[in-house]
Amino acid sequence: MGKELNFFGHIKKPDIRMLHDMDDVLYDTEWSRTAKNTELYYMYRDLYRNEKEHEVIRSQQLRYDITVIPPQMLGKEYVKTAGHYHPNVPEAHVSYAELYQVLEGEANYLLQRMAEENVEDVVVIEAKAGDIVMVPPGYGHITINSSDKTLKMANWVCSEFSSMYDPIKEHSGAAYYLLGTGYVGNPEYTNIPPIRYLKPTDPSMLGLAKGEDMYNLVSDLSKLDFLKNPHLYSAMFSKLLANE
């Protein structure tokens, strides 16, 4: 079974994503029908260094998590997360945002925005250790490990909602799959736009130095207000989505 994580002396057991939990979102369905039901990745939620910081994090309706994704192929496709969207903020017309940081390894973050049944935008952000990636409101997202190294990534997110997995499952995955030969479109979607490649988020937007551990934001969680109130930060998100 998945290994426990020692986070500053706090031992956490993971939630484990199994291969057969992903049956609905895989490219290589023929392979998955006969493959052994193995562990794919590990999610360690609600982490903190000490009880004082935990109280502060909870009082601000935030949560810090770590996900570990060992390298492997899912048939023809690189290992990935199940993918999800976020619900709208109560009494607002935009969804919650999320913030990621690669701690070890490399990641491909695939973000997509839908308008009814049409995909309006697909963004891929390639990130290495220390890089930060902000997921704007309105974007579903998955993380892909296409390297031969274990990917370890952290995220800050508002704790007041549950992620929505069904919109990705209903389309058998995201708009693109990353195979050993490159990205291919998912025929379950119509009118898929070309992928736009964006750079990782400039850490100075959060008051962080390049490569600095974003857990350090616990000392000033007001810098993460955009996770709870994204409707107040539309200019910041527009700038972010133009950062080619």
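Criteria and thresholds
- Residues numbered from 1 in each chain as written.
- Predicted model: local features only at pLDDT ≥ 70, side-chain atom pairs only at ≥ 80, totals over all residues.
- Heavy atoms only, no water.
- Salt bridge = Lys/Arg side-chain N within 4 Å of Asp/Glu carboxyl O.
- Buried < 20%, exposed > 50% of the residue type's maximum accessible area, 1.4 Å probe, protein only.
- Helix = DSSP H or I, 4+ residues; strand = E, 2+ residues; numbered from the N terminus.
- Arc of directions from axis to C-beta.
- Contact = heavy atoms within 4.5 Å.
- Polar contact = N/O pair within 3.5 Å; in protein donor to acceptor, adjacent residues only side chain to side chain.
- Pairing = 2+ DSSP bridges.
- Axes fitted to C-alpha atoms, helices over the stretch in contact; angles between N-to-C directions.

(A) Fine view of the pattern of salt bridges. One pass over the structure, following the stated rule, counts seven salt bridges. Here Glu 77 ties to Lys 80 by a salt bridge, and the two come within 2.7 Å at their closest N and O atoms. Summarising the burial analysis for this pair, Glu 77 and Lys 80 share the class buried. Its salt-bridge partner being Arg 196, residue Asp 121 comes within 2.8 Å of it at the nearest N-O pair. Placement of Asp 121 in strand β10 (residues 118–128) and of Arg 196 in strand β16 (residues 195–198) is noted, with a sequence separation of 75 residues between them.

(B) View of helix α2 (residues 51–59). All of the buried residues along α2 are Glu 53, His 54 and Ile 57. The buried side chains of α2 occupy one side of the element, clustering within an arc of 105 degrees when seen end-on. Pointing more than 90 degrees away from the buried face of α2 are the exposed residues Lys 52 and Glu 55. Contact partners of the buried residues in α2: β5 (62–69) and β13 (151–158). Capping the start of α2 is the job of one residue whose side-chain oxygen sits 3.2 Å from the backbone nitrogen of Lys 52: Asn 50.

(C) Looking closely at the sheet that holds β13. The sheet built from six strands is open, its strands ordered β3-β4-β5-β13-β8-β11 with antiparallel pairing. What marks the edges here is a single partner per strand, and that holds for β3 (15–18) and β11 (132–135). Strand after strand, the sheet turns through a mean of 25 degrees between neighbouring axes, direction not considered. Pairing between strand β4 (residues 39–44) and β5: three bridges, direction antiparallel. Within the sheet, the bridge partner assigned to Tyr 42 lies in β5 and is Val 68.

(D) Main features of the environment of Pro 194. Within the element layout of this structure, Pro 194 appears in the loop between β15 (182–185) and β16. Each C-alpha atom, one on Pro 194 and one on Asp 21, is 29 Å from the other, the two residues being 173 residues apart in sequence. Here Pro 194 is in contact with Val 122 and Tyr 176, once residues within four sequence places are set aside.

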